[in-house]
Amino acid sequence: MNNSPIGIFDSGVGGTSIWKEIHDLLPLENTVYLADSKNAPYGNKSVDEIISLSIKNTDLLLQLGCKIIVVACNTASTNAISLLREKYNVPIIGIEPAIKPAVLKTRTKNIGILATKGTLSSILFHSTSEKLTYGITITEVIGEGLVTLIEKGKINSKELKLLLQKYLQPMLEADIDYIVLGCSHFPYLIPHLKKILPSNIKIIDSGEAVAKQTQNILNQNNLMRIEKSLPTLQFFSNDNIGTLKMFLKDFSNNISIKKINF
Ligand code: DGL
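All values derive from a computational prediction rather than experimental measurement. (Residues numbered from 1 in each chain as written. Predicted model: local features only at pLDDT ≥ 70, side-chain atom pairs only at ≥ 80, totals over all residues. Heavy atoms only, no water.)

J.: A description of the pairing of strand β9 (residues 233-237) should follow, citing residues and the corresponding values.
T.: In terms of burial, β9 is largely enclosed, as 4 of its 5 residues are buried. Across 5 bridges, strand β2 (residues 31-35) lies against β9 in parallel orientation. Directly across from L34, in β9, lies its bridge partner F236. Sheet topology note: the β9/strand β10 (residues 255-259) ladder contains 5 bridges and is parallel. Considered in β10, the bridge of F235 is made with I257. Each parallel crossover has a hand, and the one from β9 via helix α11 (residues 242-247) to β10 is right-handed. (Buried < 20%, exposed > 50% of the residue type's maximum accessible area, 1.4 Å probe, protein only. Helix = DSSP H or I, 4+ residues; strand = E, 2+ residues; numbered from the N terminus. Pairing = 2+ DSSP bridges. Right-handed = clockwise from strand over helix to strand, strands pointing away.)

If you want it as structure tokens, here you go:
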């Protein structure tokens, strides 16, 4: 089992931002990444649909022999993680908007969260934010349309930049000093965010924390890879693999990216 891969899935290409953190921290681990781009975005789907897509992805990763599952999608994690944990025996790591560090550090007592509708309306997100944000105002904004543009590789399009400006405006008006990125697609927008936001506003995402949690759980379960040879790094998408290739171009010598049906 130790030499089996870490399985990672997302509604599409965004979870590669999490994969990069995991690969950085655990460079010898084998990984299998599923981009369910055919069904993206998950953010506007019903809870039942998000759960059944999450089960489909987890089933495939387990068929491919994965020893642990990382749900590299806030929308899937906040809506389906407890069900996945009940259903499967392998450890399951999820990703949630990193509100806690923002709450602990804010001076203006105002923080912003940019996420999908599915994440912001989830029971898990509500209970976490209610517990943590006493005395702090959160400006929640749904990043409608951003995931679809990122999936199409339109990361530098005027359309995307205009949407971002629109979504950040209420946060600027609310005097936030921290913005939490509650969607694994959004770390790819950080260069744009930095141009729009004044430099005193800090950007927080959960990628590094998820990688550390994956490392901890592998250690606790004695599941770290033992072999020291170069790892196998596989990426599968059920749609056009062009955007996946674009986001992974720095790794192109070592990885395999294939289109499959799932
Ligand atoms: N990367 C997913 C997330 O973290 C995007 C959700 C979607 O497909 O709408 O929420």
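That shown, we press on.
J.: Tell me about the site of the ligand, and name the residues and values.
T.: Close to the ligand lie 13 residues, the nearest being S11, Y42, G43, T75 and H185. Between the ligand and D10, the relevant distance is 2.9 Å, taken from a nitrogen atom to a side-chain nitrogen or oxygen of the residue. Take H185: an N or O atom from its side chain is 2.7 Å from a nitrogen atom of the ligand. Starting from 300 Å² of accessible surface for the ligand in isolation, the protein chains cover 99%. (Near = heavy atom within 4 Å. Polar contact = N/O pair within 3.5 Å; in protein donor to acceptor, adjacent residues only side chain to side chain. Areas by Shrake-Rupley, 256 points an atom, 1.4 Å probe, with all protein chains shown as cover.)

J.: Just give me the short version of helix α2 (residues 47-63), but keep the residues and values in it.
T.: An ideal rise of 1.5 Å per residue puts 24 Å on 17 residues; α2 measures up with 24 Å between its terminal C-alpha atoms. Along α2, the residues that are buried comprise I50, I51, L53, S54, I55, N57, T58, L60 and L61. Where α2 is buried, its residues touch β1 (6-10), β2, β3 (68-71) and α3 (74-87). Where α2 ends, the next residue or the one after it, G65, has phi of about 85°, a positive value. (Expected span 1.5 Å × (residues − 1). Contact = heavy atoms within 4.5 Å.)

J.: Describe unusual backbone geometry, listing the residues and the values that go with them.
T.: The omega angle of the peptide bond from A40 to P41 is -5°, so this bond is cis rather than trans. Residue placement: P41 occurs in the loop between β2 and α2. The residue K109 is not glycine, and still its phi comes out positive at about 65°. Position of K109 relative to the elements: it lies in the loop between α4 (99-105) and β5 (110-115). Look at D175: it is not a glycine, yet its phi comes out positive at around 60°. When you line up the elements, D175 lands in the loop between α8 (158-173) and β7 (178-182). Overall, the relative accessible area of 45% leaves D175 in the partly exposed class.

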